[in-house]
Amino acid sequence: MTLAESITNYAASTSRETSAPDEAAFQLIYNPTARPLWAYLLRVSGRHDVADDLLQETYCRFLGRKAGDLAMDEAETRSYLFRIATNLLRDRWRRGESAFDGDAQEEPVVEHDPAAKMDVRRVMQALKPRARQLLWLAYVEGMSHAEIAEATGLSVLSIRLLLFRARRHAAGLLRPATMEAR
């Protein structure tokens, strides 16, 4: 069964008044989306406990939608989940809970150079939450500008500009460490 079929089955099962939601259909939605969503929440928030809480809240809000709102294909569902998570992160930022406290464990980096891992970690910690968010969505999740715009609620032109600034800032943070190593 594909993710799209699972979503449709789940939507149908939740619309019945007498039947409980189809757990198997939900698992087919949850399994391919939970890990990347949690990694995104961890990297942007910087905290395991926040990532865990927001992941749970994301799925609660996803499941709390009307059955007709769940009739989405795989890409729409993924984008919708990232949008919910982004809004939850934004709510945390508004309450002043944006500090990167270093609780996050390093995600695997393609390079095997330990210095490169530390540089990436240092740069991510130094960036503002919005920049971390945009860089993560673009380069880890592989989202296009349009997909990032949909997930964040910003315009595509804003994404282009903000992503450019985030890349430039990250490169500037990496440059001094690279120069010192030579």
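Note that the structure is predicted; figures quoted are calculated from it, not measured.

1. Here we look at the overall build of the protein
And step 1. Scanning the protein from N- to C-terminus turns up eight helices and zero strands.
And step 2. The contacts of the protein with a sequence gap of at least 6 include a subset with a gap of at least 24, amounting to 66%.
And step 3. Approximately 10300 Å² of the protein is accessible, and the part contributed by carbon and sulfur atoms is 53%.

2. Focus: helix α7 (residues 145–152)
And step 1. Restricting attention to buried positions, one finds in α7 the residues Ile148, Ala149, Ala151 and Thr152. All buried residues of α7 lie within an arc of 165 degrees about the axis, which places them on one face of the element.
And step 2. Looking one or two residues beyond α7, the residue adopting positive phi is glycine 153, at roughly 80 degrees.

3. A few points about the pattern of salt bridges
And step 1. Counting across every chain of the model gives four salt bridges.
And step 2. We note a salt bridge from arginine 94 to aspartate 91, for which the minimum N-O separation is 3.4 Å. A residue pair is termed a helical-turn pair when its members lie 3 or 4 positions apart in one helix, as arginine 94 and aspartate 91 do in helix α4 (residues 74–94) at three residues.
And step 3. Taking relative accessible area as the criterion, aspartate 91 reaches 27% and is therefore assigned partly exposed.

4. Looking at the confidence of the model for the protein
And step 1. Across the protein, pLDDT averages 77, with 69% of residues at or above 70.
And step 2. Predicted confidence is poor over residues 99–112, with pLDDT under 50, and the contacts of this stretch with residues over four places away or in other chains come to 37 contacts.

5. Description of the packing of aromatic side chains
And step 1. Counted by the stated rule, this structure contains five aromatic pairs.
And step 2. Each ring, one from phenylalanine 26 and one from tyrosine 59, has its centre 5.9 Å from the other, and the planes form 90 degrees; the classification is edge-to-face. Of this pair, phenylalanine 26 sits in helix α2 (residues 23–45) while tyrosine 59 sits in helix α3 (residues 48–63), and the two are 33 residues apart along the sequence. By the burial criterion, phenylalanine 26 is buried, and tyrosine 59 matches it.
And step 3. Each member of the aromatic cluster is reached from another via a ring pair, and the members are Phe26, Tyr30 and Tyr59.

6. Describing the nonpolar core
And step 1. Ranked by internal contacts, the top residues of the largest apolar core, which has 41 residues, are Leu37, Tyr40 and Leu41.
And step 2. Elements represented by at least two residues in this core include exactly α2, α3, α4, α5 (114–126), α6 (129–140), α7 and α8 (156–181).
And step 3. Top contributing element to this core by residue count: α2, with nine residues.
And step 4. Formed jointly, this core draws a minimum of three residues from each of two domains, domain 1 (8–107) and domain 2 (109–182).
And step 5. Sequence-distant contacts of tyrosine 40, defined by excluding residues within four places in its chain, comprise Phe82, Ala85, Thr86, Leu89, Gln133, Trp136 and Leu137.

Criteria and thresholds
- Note that residues are indexed from 1 along each chain, following the sequence as it is written.
- Only residues with pLDDT of 70 or above have their local features reported here, since the model is predicted, and side-chain atom pairs are shown and tallied only from 80 upward, although totals for entire chains, interfaces and linings are computed over all residues.
- Here the side-chain values reflect all heavy atoms present in the structure, with hydrogen atoms and water set aside.
- Elements are defined by DSSP. Helices are runs of H or I of four residues or more, strands are runs of E of two residues or more, and each kind is numbered from the N terminus.
- Here, residues are in contact when the closest pair of their heavy atoms is within 4.5 Å.
- Note on areas: these come from Shrake-Rupley sampling with a 1.4 Å probe, and a residue is covered only by the protein chains present in the view.
- Relative accessible area decides the class of each residue, using a 1.4 Å probe on protein chains only: under 20% of the type maximum gives buried, over 50% gives exposed, and in between gives partly exposed.
- When we speak of the arc, we mean the arc of directions from the helix axis to the C-beta atoms.
- Any Lys or Arg side-chain nitrogen found within 4 Å of a carboxyl oxygen on Asp or Glu counts as a salt bridge.
- The pLDDT value tells you how sure the predictor is about a given residue, anywhere from 0 up to 100.
- Aromatic rings from Phe, Tyr and Trp, with only the six-membered ring used for Trp, were paired whenever their centres fell within 6.5 Å, and each pair was classed as stacked if the ring planes differed by under 30 degrees, edge-to-face if by over 60, and tilted otherwise.
- Each nonpolar core is a collection of buried residues, namely Ala, Val, Leu, Ile, Met, Phe, Trp, Tyr and Cys, held together in the definition by side-chain atoms within 4.5 Å.
- Note that the domain bounds reflect an automated or database-derived domain assignment.

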